[in-house]
Amino acid sequence: MASSFAACARVVCSCLLYEEAVTAVSEGRLFAVLLGPASRGGSGPQSLPHTDAWCRLGVVEVPDVHYVRNGDVALAYQVFGDGPVELVYAPQWINNLEVAWGNPLFARFLNRLASFARVVFVDRRGMGLSDRLSATDAPPLETLMEDLRVVIDSAEFKRPVLFGGSDAGCICALFAATHPDLTSALIVYGPEARGTASSDYPWAWTAEEWEVYLADMDVGWGTDEYAGRMFEWIMPSAKADPEQRRWWRTMHRLSATPSSMIAIERIWAELDIRPVLPTIQAPTLVLHRRGDPVERFEAGRDFAQRIPGARLVELAGDDWPVWAGDQKELFDSIDSFLRGIREEEAELDRVLATVLFTDIVGSTEKATAVGDRTWKELVERHHTVVRAMLGRYRGIEQDVAGDGFFATFDGPARGVKCAQAIVDAVRPLELEVRAGVHTGEVGTTGEKASGIAVNVAARIAALAEPSEILVSQTVKDLVAGSGLRFLDRGNRELKGVEGTWNLYAVAASMPSGSQSF
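Residues numbered from 1 in each chain as written. Predicted model: local features only at pLDDT ≥ 70, side-chain atom pairs only at ≥ 80, totals over all residues. Heavy atoms only, no water.

Focus on the overall build of the protein
So, step 1. Of regular secondary structure, the protein possesses 16 helices and 18 strands.
So, step 2. Looking at the protein as a whole, 53% of its 517 residues are labelled buried.
So, step 3. For the protein, long-range pairs separated by at least 24 residues make up 72% of all intrachain contacts whose partners lie at least 6 apart in sequence.
So, step 4. Looking at the protein as shown, the accessible area adds up to about 23,000 Å², and 51% of this sits on carbon and sulfur atoms. (Helix = DSSP H or I, 4+ residues; strand = E, 2+ residues; numbered from the N terminus. Buried < 20%, exposed > 50% of the residue type's maximum accessible area, 1.4 Å probe, protein only. Contact = heavy atoms within 4.5 Å. Areas by Shrake-Rupley, 256 points an atom, 1.4 Å probe, with all protein chains shown as cover.)

Section: the packing of aromatic side chains
So, step 1. Here the structure, examined in full by the defined rule, presents 24 aromatic pairs.
So, step 2. Here Trp 93 and Trp 221 contribute two aromatic rings whose centre-to-centre distance is 5.7 Å and whose plane-to-plane angle is 85°, an arrangement assigned as edge-to-face. Of this pair, Trp 93 sits in the loop between strand S6 (85-90) and helix H2 (97-100) while Trp 221 sits in the loop between helix H6 (207-220) and helix H7 (224-234); the two residues are 128 residues apart in sequence, bridging distant segments of the chain. Taken as a pair, Trp 93 and Trp 221 share a single burial class, namely buried.
So, step 3. The lysine or arginine in question, Lys 476, covers the ring of Tyr 504, its NZ or CZ lying 5.3 Å from the ring centre. (Phe/Tyr/Trp six-rings, centres within 6.5 Å; stacked < 30°, edge-to-face > 60°. Lys NZ or Arg CZ within 6 Å of the ring centre and 35° of its normal.)

With respect to the pairing of strand S11 (residues 311-315)
So, step 1. As judged from the 5 bridges shared by strand S10 (residues 284-289) and S11, these two strands associate in the parallel manner. Paired with His 288 across the strands is Glu 314, a residue of S11.
So, step 2. For the crossover that starts at S10, traverses helix H10 (residues 297-305) and ends in the parallel S11, the hand is right-handed. (Pairing = 2+ DSSP bridges. Right-handed = clockwise from strand over helix to strand, strands pointing away.)

Re the environment of Thr 250
So, step 1. Mapped onto the fold, Thr 250 is located in helix H8 (residues 242-255).
So, step 2. What makes Thr 250 buried here is its relative accessible area of 6%.
So, step 3. Separated by 148 residues in the primary sequence, Thr 250 and Gly 102 have C-alpha atoms spaced 9.7 Å apart.

Some points on the confidence of the model for the protein
So, step 1. Scored by pLDDT, the protein has a mean of 85; 85% of the residues are at 70 or more.
So, step 2. Of all the helices and strands in the protein, strand S1 (residues 3-4) carries the lowest mean pLDDT, 36, while S10 carries the highest, 98.
So, step 3. Across residues 1-60 the pLDDT falls below 50, and counting only partners more than four positions away or on other chains, this stretch makes 125 contacts in the model.
So, step 4. Of the regions scoring below 50 in pLDDT, residues 509-517 engages in 15 contacts with residues more than four places distant in sequence or in other chains. (pLDDT = per-residue confidence, 0-100.)

Thoughts on the nonpolar core
So, step 1. Within the largest apolar cluster, 111 residues are counted, with the highest numbers of intra-cluster contacts made by Tyr 89, Trp 93, Phe 109, Phe 163, Trp 268, Phe 303 and Ile 334.
So, step 2. With 9 residues, the single largest contributor to this core is helix H5 (residues 167-178).
So, step 3. Those residues within four positions of Phe 163 in sequence are excluded, and the remaining contacts are Leu 87, Val 88, Tyr 89, Ala 90, Phe 109, Leu 113, Cys 172, Ile 187, Tyr 189, Val 322 and Ile 334.
So, step 4. Core analysis: the second largest hydrophobic core is formed by 34 residues, Phe 409, Ala 421, Ala 435 and Val 479 among them. (Core = buried A, V, L, I, M, F, W, Y, C linked by side-chain atoms within 4.5 Å.)

Overview of the pattern of salt bridges
So, step 1. Counted under the stated rule, the structure contains 28 salt bridges.
So, step 2. Among the salt bridges present, the one from Asp 224 reaches Arg 249, with a minimum N-O distance of 3.6 Å. Of this pair, Asp 224 sits in helix H7 while Arg 249 sits in helix H8, placing them 25 residues apart in sequence.
So, step 3. Salt bridges here are not isolated pairs; linked through shared partners, they connect Arg 194, Asp 200, Asp 272 and Arg 274. (Salt bridge = Lys/Arg side-chain N within 4 Å of Asp/Glu carboxyl O.)

Points about unusual backbone geometry
Among all residues except glycine, the phi angle is most often negative; among peptide bonds, the trans geometry is most common.
So, step 1. One non-glycine residue with positive phi stands out, namely Ser 166, at about 50°.
So, step 2. By secondary structure assignment, the location of Ser 166 is in the loop between strand S8 (161-165) and H5.
So, step 3. One non-glycine residue with positive phi stands out, namely Ser 467, at about 60°.
So, step 4. Summarising the element assignment, Ser 467 is placed in the loop between helix H15 (452-463) and strand S16 (469-472).

A look at the environment of Glu 493
So, step 1. Of note, Glu 493 is situated in strand S17 (residues 485-493).
So, step 2. Note: C-alpha distance between Glu 493 and Ile 460 (33 residues apart in sequence) is 9.4 Å.

Thoughts on helix H4 (residues 141-154)
So, step 1. Taking 1.5 Å of rise per residue, 14 residues should cover 20 Å, and H4 covers 20 Å from first to last C-alpha, within 8% of that figure.
So, step 2. Taken as a whole, H4 has its buried residues at Leu 141, Leu 144, Met 145, Asp 147, Leu 148, Val 150, Val 151 and Ile 152.
So, step 3. Note on H4: the residue one or two positions beyond its end, Glu 156, has a positive phi of about 60°. (Expected span 1.5 Å × (residues − 1).)

Brief notes about the side chain of Gln 327
So, step 1. Position of Gln 327 among the secondary structure elements: in the loop between S11 and helix H11 (328-348).
So, step 2. Within the local environment of Gln 327, its side chain forms a polar contact with the backbone oxygen of Ala 324, the two atoms lying 3.1 Å apart.
So, step 3. Beyond its immediate sequence surroundings of up to four residues, Gln 327 is in contact with Arg 108, Phe 109, Arg 289 and Val 322. (Polar contact = N/O pair within 3.5 Å; in protein donor to acceptor, adjacent residues only side chain to side chain.)

Here's the deal with the pairing of S8
So, step 1. Counted residue by residue, S8 has 5 buried out of 5 residues, so it is predominantly covered.
So, step 2. The two faces of S8 match: Val 161, Phe 163 and Gly 165 on one face and Leu 162 and Gly 164 on the other face are all buried.
So, step 3. Relative to S8, S6 runs parallel, the two being bridged by 4 bridges. Bridge pairing in S8 links Leu 87 to Val 161.
So, step 4. Judged from the 5 bridges that link them, S8 and strand S9 (residues 185-189) form a sheet pairing that is parallel. Of the residues in S9, the one forming a bridge with Leu 162 is Leu 186.

Description of the sheet that holds S17
So, step 1. Spatially, the 7 strands line up as an open sheet ordered S13-S14-S12-S15-S16-S18-S17, and their pairing is mixed. At either margin of the open sheet sits one strand with a lone partner, and together these are strand S13 (396-401) and S17. For this sheet, the mean inter-axis angle between neighbouring strands, taken without regard to orientation, is 25°.
So, step 2. Two elements, S16 and strand S18 (residues 500-507), share 3 bridges in a ladder whose sense is antiparallel. (Axes fitted to C-alpha atoms, helices over the stretch in contact; angles between N-to-C directions.)

Description of H8
So, step 1. In this model, H8 (14 residues) spans 20 Å end to end at C-alpha, consistent with the 20 Å of a helix rising 1.5 Å per residue.
So, step 2. Of the residues making up H8, those classed as buried are Gln 244, Trp 247, Trp 248, Arg 249, Thr 250, Met 251, His 252 and Ser 255.
So, step 3. Between the side-chain oxygen of the N-cap and the backbone nitrogen of Glu 243 there are 3.0 Å, and the N-cap of H8 in question is Asp 241.

A look at the state of the cysteines
So, step 1. Under the definition given, this model contains 0 disulfides.
So, step 2. For the unlinked cysteine Cys 172, the closest cysteine sulfur is that of Cys 170, found at 9.2 Å. (Disulfide = S-S within 2.5 Å.)

Rendered as structure tokens:
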């Protein structure tokens, strides 16, 4: 079971003067310092000491930090948002769950995710609030993938969308290939399938470039000079913004130690997941900025081409972080992708069913004649009778509207025979009902069956006479050999439904002069 820290109010500062905030905390002048998610329930601007050094302060709530262990390693994650989609976001490169919310751009991105999804935001092993690594204990990729599964289980997500940036996107891709039953879709931003350049993969860094990069990291990590150089490289759109630069320096220092960073980076230098990509069956969206300064766009295109049916979206801009730069195009692409998946799943979640609608004939007149109290008792007895017949013929009650029933059956003959039984069973109550039956595909994703077949059955029922059961041509054809007989009622138009429909009345016996089928 995951453990969590209690949520607490935190003072935030969009100027991001972290060091001054720490001093204030140590002197007992401030409760906490880091920015939380967009101030739902926040109390607005505050008056605090050194207001000239702080600007636009506010009190907000930070998502709880949960911990779950994979073996001896503690993994930190947050859960927030209340949208209908389950989404796991694995951030690219460095991260700290608390520090992330301290950047208005990052917070904007996270809150946008939360607007349509229930989000798990994770610090991977060795990073941020999760247990750190030493220079010699870099885990294999399958361990990082297993970490993701442990977090998903702890958050009680069933089949989430996996959204990973760059290196973390490779972990998500490996998870999607290994656990297709636990993955509803895959979104990867700025990926490279191989960490080091080769003759058939020229877009990655060479081995020599990696060694220079790691040596520079070993001596510079956490310093102002090194963080500044990295910031100008990966976020050219914000290099003149001192607030962003200060936040970036803080993220460096609180995301990982030099030894942990080198261990993590060596994992990606040795990465090659190209053989895995063709096995991914989940719907996949690959996003890549054309001017990405770290992972070349050609690498993203290659990544997408290796996954069956993957969609590649080329984004404008030259910032590396997914949360930087233009967000409209990014989220328009994500929204379109997820909407398409939901529509496809809605189509797949359709089943063939027989739909029955019944309605008491002349209910208003009957209620007026017997009085409210008697009518209420009569309706309750009617409902009891109808539910008994539904149980007998294995019908599923979908809805009751006033004195009418909406039910579905797994076979058309049972639906028609149940309607006959209801007509006969309510006569002793001195009631008559009309009924309509149609067989077609119905959606099963909502609280009750839905779709055009439901509308058709309702319209057919509305055309029936007292104690009459009208059915569609489809029902008549499907019950051939059942012993049921029908009277032709001709072609009729159904309100709100295109075309004309051949309707038939169920006949208990052959009436004189009538044509039966």
